[in-house]
Amino acid sequence: MRDEPHPAWVIDPETPSVARMYDYYLGGKDNFAADRRAADQVVAAMPNVLEFTRANRRLLSRAVTMLAERGVRQFLDIGSGLPTQENTHEVAQRAASDAQVIYVDNDPIVLVHARALLADNPLTTVVQADLLEPQGILDHPEVKARIDFDQPVAVLLLAILHFIPDEARPAEIVSTLRAPLVPGSHLVISHGHRGRVTQEIETQVRSAYGRTGARDIIPRGPEEVMAFFDGTELVGSGLVQVADWRPDGDPFEPDMSRPGFLGGVGRVV
């Protein structure tokens with residue numbers, strides 16, 4: 001008998017997931033053998049992936065703490081991935097107990113884990129939506145009920161835009177999400193860039209992600225990443241390697257020869 005395709009809501013353990021691969025990089029246990037095989041292919045090609053994914057988590061912690069301390073009380077974390085240590089709501093609510101946090105993801109396993117984790121937290125929720133349809137995120141009933149766009153909002157897009165192909169117009173996606181943000185709101189973005197790796201290494205990494213539901217990972221240069229911050233003013237260290245970003249750091253020219261994640265925080269003006 002011919003195998004029937006899985007419904008969209010069924011978790012397929014044989015297809016690597018970018019969220020579960022990321023969990024594996026961070027040392028988590030919410031991943032399957034297929035995720036580990038794909039992730040190990042990336043690690044073999046680019047060993048410092050473990051370093052910069054963990055540095056990306058520290059960027060989240062530094063940026064969210066800074067924003068909460070400066071009065072931001074609404075956080076929209078899009079493409080949030082599997083819950084791990086130092087989640088956005090933990091960081092934000094440690095600095096400001098009244099901070100409202102909404103996680104947005106389209107991965108079924110992320111939704112299951114996050115909803116279980118957040119069951120007893122009235123100021124935090126998770127919604128299912130797709131970054132490819134940004135207006136759908138803004139119009140989601142839970143987002144509209146919990147987020148007051150007349151007040152500052154922090155939108156987090158950490159290690160997610162590099163899964164959006166050029167033909168899907170990622171800059172327009174970010175622009176749509178930025179449009180309703182009032183001055184004092186912020187964009188927190190990190191994005192993969194290739195540095196000066198060989199074509200062979202890039203091919204290995206992209207082929208590993210080619211087996212995931214995302215189908216590819218698209219590294220972009222600093223000029224392309226900087227374009228996502230149009231309409232904002234960079235704060236802290238500017239656009240730098242995620243390990244180097246500090247809220248009170250002075251802007252500087254980072255070493256762009258290293259592959260990894262570029263990150264920054266832009267204030268809507």
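Structural data are supplied above this passage.
The rules behind the values
Residues numbered from 1 in each chain as written. Predicted model: local features only at pLDDT ≥ 70, side-chain atom pairs only at ≥ 80, totals over all residues. Heavy atoms only, no water. Helix = DSSP H or I, 4+ residues; strand = E, 2+ residues; numbered from the N terminus. Rg over C-alpha atoms; globule rule 2.2 N^0.38 Å. Buried < 20%, exposed > 50% of the residue type's maximum accessible area, 1.4 Å probe, protein only. Contact = heavy atoms within 4.5 Å. Areas by Shrake-Rupley, 256 points an atom, 1.4 Å probe, with all protein chains shown as cover. Lys, Arg positive; Asp, Glu negative; His and termini not counted. Charge placed at Lys NZ, Arg CZ, Asp CG, Glu CD. 1 Å grid on protein atoms, 1.4 Å probe; cavity = no way out; pocket = protein on both sides within 12 Å on 5 of 7 lines; lining within 4 Å. Points joined across faces, edges and corners; volume = space filled by probe spheres on them. Axes fitted to C-alpha atoms, helices over the stretch in contact; angles between N-to-C directions. Left-handed = near helix turned anticlockwise from the far one by under 90°. Nonpolar A, V, L, I, M, F, W, Y, C, P; charged D, E, K, R; others polar. Pairing = 2+ DSSP bridges. Right-handed = clockwise from strand over helix to strand, strands pointing away. Polar contact = N/O pair within 3.5 Å; in protein donor to acceptor, adjacent residues only side chain to side chain. Salt bridge = Lys/Arg side-chain N within 4 Å of Asp/Glu carboxyl O.

Novice: So what exactly am I meant to see when it comes to the overall build of the protein chain here?
Specialist: A count of helices and strands for the protein chain gives 10 helices and 7 strands. Its C-alpha radius of gyration of 18 Å places the protein chain within 12% of the 18 Å reference for a compact globule of 269 residues. Based on the C-alpha atoms only, the size of the protein chain along its principal axes is roughly 55 × 45 × 35 Å. Split into buried and exposed, the 269 residues of the protein chain put 50% on the buried side. For the protein chain, the proportion of contacts with a sequence separation of at least 24, taken over those separated by at least 6, is 68%. Split by element, the accessible area of the protein chain, about 12,600 Å² in all, is 50% carbon and sulfur. Of note, the protein chain has its 26 positive side-chain charges centred 3 Å away from the centre of its 38 negative side-chain charges.

Novice: Before we go on, may I ask you to explain unusual backbone geometry in this structure?
Specialist: Residues other than glycine predominantly adopt negative phi, and peptide bonds predominantly adopt the trans conformation. In this structure, A159 takes a positive phi of about 50 degrees despite not being glycine. We classify A159 as buried; its relative accessible area is 11%. Not every positive phi belongs to a glycine, and R215 is a case in point at roughly 75 degrees. Position of R215 among the secondary structure elements: in the loop between α9 (199-210) and α10 (222-227). By relative accessible area, which is 65% here, R215 ends up exposed.

Novice: How should I be thinking about empty space enclosed by the protein in this particular structure?
Specialist: Vacant regions in the atomic arrangement are exposed by a probe of water-molecule size rolled over the atoms. Inspection of the entire model under this criterion finds 1 cavity of 30 Å³ or more. Reported here for the largest cavity is a volume of approximately 80 Å³. Surrounding the largest cavity, 13 residues form its lining, S80, G81, P83, N87 and Y103 being those nearest its centre. Elements supplying a minimum of two residues to the lining of the largest cavity: α4 (88-95) and α5 (108-117).

Novice: Before we go on, may I ask you to explain the packing of helix α1 (residues 18-25) against helix α2 (residues 33-45) in this structure?
Specialist: For any two helices packed against each other, one specifies the crossing angle of their axes together with the interaxial distance. Orientation of α1 relative to α2, taken along the N-to-C sense of each, is 65 degrees, at an axis distance of 9 Å. The two elements α1 and α2 meet at a crossing, and its hand is right-handed. Contacts between α1 and α2 involve R20, M21, Y24 and Y25 from the former and D35, R36, A38, A39, D40, V42 and V43 from the latter. When its residues are assigned to classes, the contact of α1 with α2 shows 7 nonpolar, no polar and 4 charged.

Novice: Any chance you could explain the pairing of strand β1 (residues 74-78) here in plain terms?
Specialist: Put simply, side chains in a regular strand alternate between the two faces of the sheet. Judged by how many residues are buried, β1 sits mostly within the fold: 5 of 5 residues are covered. Of the two faces of β1, the one carrying Q74, L76 and I78 and the one carrying F75 and D77 are both buried. In this structure, β1 lies alongside strand β2 (residues 100-105), joined through 5 bridges in parallel fashion. When the sheet's bridge partners are listed, Q74 is paired in β2 with Q100. Where the polypeptide runs from β1 across α4 and back to β2, its parallel neighbour, the crossover connection is right-handed. As defined by bridge partners, β1 adjoins strand β4 (residues 154-158) across 3 bridges and the pair is classed as parallel. By the bridge assignment, D77 is partnered in β4 with L156.

Novice: Would you mind showing me how to read the side chain of R220 here?
Specialist: Within the secondary structure layout, R220 lies in the loop between α9 and α10. A polar atom in the side chain of R220 sits 3.0 Å from the side chain of H191. Discounting chain neighbours no more than four positions away, the residues touching R220 are L161, H162, I164, P165, D166, P170, H191, G192, H193, V225 and F228.

Novice: So what exactly am I meant to see when it comes to the pattern of salt bridges here?
Specialist: Pairing between side chains becomes possible if they bear opposite charge and their charged atoms approach one another. Tallying each qualifying case throughout the model produces 11 salt bridges. Residues R206 and D216 are paired through a salt bridge, measuring 2.8 Å at the closest nitrogen-oxygen approach. Taken together, the positions of R206 in helix α9 and D216 in the loop between α9 and α10 put the pair 10 residues apart, joining distant regions of the chain. We classify R206 as partly exposed; its relative accessible area is 26%. By relative accessible area, which is 22% here, D216 ends up partly exposed. Measuring nitrogen to oxygen at the nearest pair gives 3.3 Å for the salt bridge that ties R258 to D244.

Keep in mind these values describe shape, not function.
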